[in-house]
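# Breakdown of the fold
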Amino acid sequence: MNFPRKGFGLLIGCDIMKENKLYWKRNRICTRIIRAFSESEKKSLTTKEIFHLMLDQTNRHGAKYISNFTMQKVSQILNKYPFFEKVGMQYVKSAGNNGMQVCVWKVSKLGEEK
């Protein structure tokens, strides 16, 4: 039984919704991240590894990209879009006997389609 729910002063019925389908467009940064996965030998990569692979990418003319995305933007895109899946966490040591947990990512089945 579908009850209408109230949202922003309007009555919205649940019957009106379209089919359950993802309406995500694959933008330029998603394409470059998927390309970084395909250029790597490993199936799953950390955010930092993806970022460094993107820095080494070249355009179709063979020149390196002039403007690159920041590490924060790459991690936001990895979290937002359904083309990528979080596999787990990995402990990485840094200088001075400090360490931290970092996310490990892989391309989902949705990202492999196109």
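Residues numbered from 1 in each chain as written. Predicted model: local features only at pLDDT ≥ 70, side-chain atom pairs only at ≥ 80, totals over all residues. Heavy atoms only, no water.

### Quick look at the nonpolar core
Ranked by internal contacts, the top residues of the largest apolar core, which has 20 residues, are Ile 33, Phe 37, Ile 50, Met 54, Val 74 and Phe 84. Within the residue set of this core, elements represented by two or more residues are α1 (28–39), α2 (47–55), α3 (71–80) and β5 (99–107). Ranked by residues supplied to this core, first place goes to α1 with six residues. Discounting residues that sit within four places of it in the chain, Ile 50 has contacts with Ile 33, Ala 36, Phe 37, Leu 45, Val 74, Leu 78 and Trp 105. (Core = buried A, V, L, I, M, F, W, Y, C linked by side-chain atoms within 4.5 Å. Buried < 20%, exposed > 50% of the residue type's maximum accessible area, 1.4 Å probe, protein only. Helix = DSSP H or I, 4+ residues; strand = E, 2+ residues; numbered from the N terminus. Contact = heavy atoms within 4.5 Å.)

### Observations concerning the packing of α2 against α3
Relative orientation of the contacting elements α2 and α3 amounts to 115°, with a least axis distance of 10 Å. In this structure, α2 crosses over α3, and the sense of that crossing is right-handed. Across from Thr 47, Lys 48, Ile 50, Phe 51 and Met 54 in α2, the residues of α3 making contact are Met 71, Val 74, Ser 75 and Leu 78. Split by residue class, the contact of α2 with α3 holds six nonpolar, two polar and one charged. (Axes fitted to C-alpha atoms, helices over the stretch in contact; angles between N-to-C directions. Left-handed = near helix turned anticlockwise from the far one by under 90°. Nonpolar A, V, L, I, M, F, W, Y, C, P; charged D, E, K, R; others polar.)

### Topic: the packing of α1 against α3
One way to put it is that α1 packs onto α3 with a least axis distance of 11 Å and a crossing angle of 90°. In terms of orientation, α1 lies roughly perpendicular with respect to α3. Residues Ile 29, Cys 30 and Ile 33 of α1 pack against Lys 73, Val 74, Ile 77 and Leu 78 of α3. Of the residues in the contact of α1 with α3, the class split is six nonpolar, no polar and one charged. (Parallel < 35°, antiparallel > 145°, perpendicular 65-115°, else oblique.)

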